[in-house]
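Chain by chain, the residues run as shown.
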Amino acid sequence: IVLMSRQGKIRLSEFFSSYTESQKKRILRDISADVLPRQAKMCNIIEKGEYKFIYRRYASLYFVVGAPVEMNELIVLEQIHLFVEALDGYFNSVCELDLVFSLHKSLMILFEMFIAGMLCESNRREVLQQIVEAEEMVEEMSKAGEDTSSQLDDGLSFQEQFQLGRKPGARGPRGNR
């Protein structure tokens, strides 16, 4: 799943299959090269080898999903729409800045909905309820004056932590691991 701006900036990317970093960069480069120049009235499906990219544009963001060729495109488009609805429900009309400044929240929503690339929870209210409960749990666990954002970083990659402006691998106020 890739979310990117109209300028080609990757705002969120999550691979549910194992790829090397160079393969991921090549895939992201291919996606932006194939999706961005397409006209609005063109088909939202691009077949590339054994995979196809299904995308949909919402405002200034492209939501792109890579899927096996045999997968139904309409189901994937519906899954994209469910993810956008969940983001809209959490952020009250999601925009690109919400993804930039709250990447960890967007990933929490993504991971609550999808497991191993498959949609596991399609009820938007249930997804948002689970996110609220997780946030309340973090609030309860945190002590007064302690940085709670470091507790949410445990599931983020180094790249995602860097994008959030945090030192990758650091935990808590002392940076101990």
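Refer to the structure above for everything that follows.
What you are looking at is a predicted structure, and each value in this text was computed from that prediction instead of being measured. (Residues numbered from 1 in each chain as written. Predicted model: local features only at pLDDT ≥ 70, side-chain atom pairs only at ≥ 80, totals over all residues. Heavy atoms only, no water.)

Enquirer: Could you clarify how one ought to interpret the nonpolar core in this entry?
Expert: One broad trend across soluble globular proteins is that nonpolar side chains are buried collectively. Counting residues in hydrophobic clusters, the biggest one holds 29 residues, and the most contacted among them are Leu-3, Phe-63, Ile-80, Phe-83, Leu-87, Ile-109 and Met-113. Looking at this core, the elements that each hand over two or more residues are β4 (51–58), β5 (61–68), α2 (73–91), α4 (103–113) and α5 (124–141). Considering every element that reaches this core, the biggest residue donor is α2, with nine residues. Apart from the residues within four sequence positions on either side, Met-113 is in contact with Leu-82, Phe-83, Ala-86, Met-118, Leu-119, Cys-120, Glu-121 and Val-127. (Core = buried A, V, L, I, M, F, W, Y, C linked by side-chain atoms within 4.5 Å. Buried < 20%, exposed > 50% of the residue type's maximum accessible area, 1.4 Å probe, protein only. Helix = DSSP H or I, 4+ residues; strand = E, 2+ residues; numbered from the N terminus. Contact = heavy atoms within 4.5 Å.)

Enquirer: Any chance you could explain the side chain of Glu-96 here in plain terms?
Expert: Structurally, the position occupied by Glu-96 is in helix α3 (residues 96–101). With a relative accessible area of 18%, Glu-96 lands in the buried category. Not counting residues up to four positions away in its chain, the partners in contact with Glu-96 are Ser-5, Arg-11, Ser-60 and Leu-61.

Enquirer: For this particular structure, what's the right way to read the packing of aromatic side chains?
Expert: Describing an aromatic ring pair means giving the distance of the ring centres and the angle of the ring planes. Taken as a whole and assessed by the stated rule, the structure comprises six aromatic pairs. Ring geometry for Phe-83 against Phe-114: centres 6.5 Å apart, planes inclined by 80°, an arrangement best described as edge-to-face. Of the two residues, Phe-83 is situated in helix α2 and Phe-114 in strand β6 (residues 114–115); the sequence distance between them amounts to 31 residues. Since its relative accessible area comes to 5%, Phe-114 is described here as buried. (Phe/Tyr/Trp six-rings, centres within 6.5 Å; stacked < 30°, edge-to-face > 60°.)

Enquirer: Before we go on, may I ask you to explain the pattern of salt bridges in this structure?
Expert: Where charged atoms from two side chains of opposite charge come close, those side chains can pair. Applying the stated criterion to the full structure yields six salt bridges. Of the charged contacts in the structure, one is a salt bridge between Glu-96 and Arg-11, with a shortest N-O distance of 2.7 Å. Here Glu-96 is found in helix α3, whereas its partner Arg-11 is found in strand β2 (residues 10–13), with 85 residues between them in sequence. Assessed through its relative accessible area of 23%, Arg-11 is described here as partly exposed. One salt bridge in this structure joins Lys-52 and Glu-73, with 2.6 Å as the shortest N-O distance. With a gap of 21 residues between them, Lys-52 in strand β4 and Glu-73 in helix α2 connect regions that are remote in the sequence. (Salt bridge = Lys/Arg side-chain N within 4 Å of Asp/Glu carboxyl O.)

Enquirer: Looking at this structure, how should I read the pairing of β5?
Expert: Looking along a regular strand, one sees the side chains alternate between the two faces of the sheet. A large share of β5 lies buried, amounting to six of its eight residues. Relative to β5, strand β1 (residues 2–5) runs antiparallel, the two being bridged by four bridges. What sits directly across from Leu-3, in β5, is Phe-63. In this structure, the hairpin formed by β4 and β5 is closed by a connection of two residues, where Ala-59 is found at a positive phi of approximately 55°. (Pairing = 2+ DSSP bridges.)

Enquirer: Would you mind showing me how to read a negative patch on the surface here?
Expert: Taken together, the side chains of Glu-126, Glu-133, Glu-136 and Glu-140 present a region of like negative charge at the surface. For Glu-126, the location among the structural elements is in helix α5. Given the relative accessible area of 34%, Glu-126 is considered partly exposed. (Patch = residues over 30% accessible without salt bridge, like charges linked within 9 Å, V, L, I, M, F, W, Y side chains within 5 Å. Areas by Shrake-Rupley, 256 points an atom, 1.4 Å probe, with all protein chains shown as cover. Lys, Arg positive; Asp, Glu negative; His and termini not counted. Charge placed at Lys NZ, Arg CZ, Asp CG, Glu CD.)

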